[in-house]
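Listed here are the chains, written in short residue letters.
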Amino acid sequence: EMRRTITSSCQLASSLTMMARRFGRTSTPLRFASSDAKTLKKTLVYEENVKLGGVMVDFADYLMPVQYKDSPKAQSIIESTKHCREKAGLFDVSHMCSIRWRGKDAIAFVESVTVADVEGLAPGTGTLSLITNEQGGIIDDTMITKTTDRLGPHIYQVVNAGCAPKDLKYFEEQLGKFGGDVKMEVHWDNRGLYALQGPQAVSVMQRLVPNVDFKLFPFGSASIMTLQGMEIFVARCGYTGEDGFEIFVPEENAVKLWRLLIDQPEVMPSGLGARDALRLEAGLCLYGHDIDDTTSPSEAGLSWTVGKARRAPGARPFPGSKRILEEVADAKKVRRSRVGLVPVGAPAREGAVITDLEGKVIGKVTSGAVSPMLKTNISMGYIDKPHNKAGTKIQVTVRGKTSAAEVVKMPFVPTKYYKLP
């Protein structure tokens, strides 16, 4: 039955629609592109995506490819997921928003709105962090990097597409209260942002940027590089569980770089469908589904993002720090936790109710799908303690039918982030 679910074109179309609503790391509704497409934003490589057979959908007011069809580069979501795990996939993630923070008080400001130890970041390194609210919930998850360019040292940040409008509004409000020397530069529709992911991504980059020794450039590193005369900003990071890179390129070279990368023999274009499957297999959160403004870092299994220096007595406070630090210090204060699930019956997707073996409601599923790599159902969700321990037998209810499931550790597919030898 599972194999029929995977291969049936009718059910795959239905699955595409359900998965598409989740893509792009946000809860923003998604629709297949139609006559109102002219009102939607387009990334700088929109035409390139269309030429490659991109099935364009409305996500966060952008036209983005969910997968690629009817071209030499076409692959199903399952094929694309496997290709990224085995070779290299190229994702257009230009709908996400980049910010550069400049000024002598830039570090202090970024620390005032996130849980990151920005001061303690080594130059040329980055980390996942969280923008939090006064209640200790998560406004957004974000990447923060300490770097430098011709204008000097600064903080580079990336926020989610669907959250960017509220994030930018929040930052502007906080800047008004801050009063220090800090300037926010927003880079959004005037640059390309691409994610080159997979075990052969490094081979591609080493060939194209031969003057950089990528063996000395571990996961979390970031630097300005020159690729065939184009200045680019490269961070070794990603949202797939694989080794890979996110590449920032100015507008004038956005199309040129995309074409160059997509022409590499190891590379195939990857859409939002594969991106969602990959991140779920890697046990990574999707904002608006697995985390939101009511979820605390400890509940989400993200307490590690709270820098050690931010936990010390007298450290610079951040929004929600009282609740967040209390939960970090005392796990007994955390009532529920995000866990992995392996359901036996139909895929347990977002909203499915989780019960114990006696039928008592103990949680809810936040993400779920059939894993292309494992060929089995996988889900994640929140479960009340003490039912959150790996190996616990539970039940999930899908469309009125209750099936057995088991709590498991994540990631479902081992991550392969590159570390120095």
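Computed from a predicted model, the values in this text were never measured in an experiment.

Before we move on, could you go through the state of the cysteines and cite the residues and values that matter?
A complete count under the given rule lists zero disulfides for this structure. With no disulfide of its own, Cys-97 lies closest to Cys-163 among cysteine sulfurs, the gap being 11 Å. The class for Cys-97 is buried, based on a relative accessible area of 0%. Between Cys-285, a free cysteine, and Cys-163, which holds the nearest cysteine sulfur, the sulfur-to-sulfur gap is 13 Å. The class for Cys-285 is buried, based on a relative accessible area of 7%.

Account for the pattern of salt bridges, naming residues and giving values.
Under the criterion given, the structure shown has 20 salt bridges. Put simply, Glu-242 and Arg-85 hold a salt bridge, and the shortest N to O gap is 3.1 Å. With Glu-242 in the loop between β13 (230-235) and β14 (244-250) and Arg-85 in helix α4 (residues 77-86), this pair connects stretches of sequence that are 157 residues apart. The burial state of Glu-242 is the same as that of Arg-85; both residues are buried. Here Glu-327 ties to Arg-323 by a salt bridge, and the two come within 3.1 Å at their closest N and O atoms. Here Glu-327 pairs with Arg-323, and both are found in helix α11 (residues 321-329), just four residues apart, close to one helical turn. For Glu-327, a relative accessible area of 8% gives the class buried. Through salt bridges with shared partners, a single network forms among Arg-85, Glu-242, Glu-281 and Lys-416.

So what's going on with unusual backbone geometry? Which residues, and what values?
The amide bond that connects Lys-385 to the next residue, Pro-386, takes the cis arrangement and shows omega of 5°. Considering the arrangement of structural elements, one finds Pro-386 in the loop between β19 (377-384) and β20 (393-398). Omega for the peptide link from Met-410 to Pro-411 comes to 10°, which places this bond in the cis form. Within the element layout of this structure, Pro-411 appears in the segment after β21 (401-408). A positive phi is found at Ala-60, a non-glycine position, where the angle reads about 55°. One can find Ala-60 in the loop between β3 (54-59) and β4 (62-68). Phi at Arg-399 is positive, roughly 50°, even though this residue is not glycine.

Any chance you could break down the sheet that holds strand β9 (residues 152-159) for me, citing the residues and the numbers?
Spatially, β7-β8-β9-β6-β10 is the arrangement adopted by the five strands of the open sheet, whose pairing is antiparallel. Across the chains shown, the open sheet's two edge strands, defined by having one partner strand only, are β7 (125-132) and β10 (183-187). Each neighbouring strand pair of the sheet contributes to a mean axis angle of 30°, computed without reference to strand direction. Two strands pair when backbone bridges link them, and strand β8 (residues 138-149) and β9 are joined in this way by eight bridges, in the antiparallel orientation. In the strand pairing of β9, Met-143 is matched with Val-158. Relative to the sheet, helix α5 (residues 106-113) contacts β6 (97-102), β7, β8 and β9, its axis offset from that of β6 by approximately 130°.

Calculation rules
Residues numbered from 1 in each chain as written. Predicted model: local features only at pLDDT ≥ 70, side-chain atom pairs only at ≥ 80, totals over all residues. Heavy atoms only, no water. Disulfide = S-S within 2.5 Å. Buried < 20%, exposed > 50% of the residue type's maximum accessible area, 1.4 Å probe, protein only. Salt bridge = Lys/Arg side-chain N within 4 Å of Asp/Glu carboxyl O. Helix = DSSP H or I, 4+ residues; strand = E, 2+ residues; numbered from the N terminus. Pairing = 2+ DSSP bridges. Axes fitted to C-alpha atoms, helices over the stretch in contact; angles between N-to-C directions. Contact = heavy atoms within 4.5 Å.

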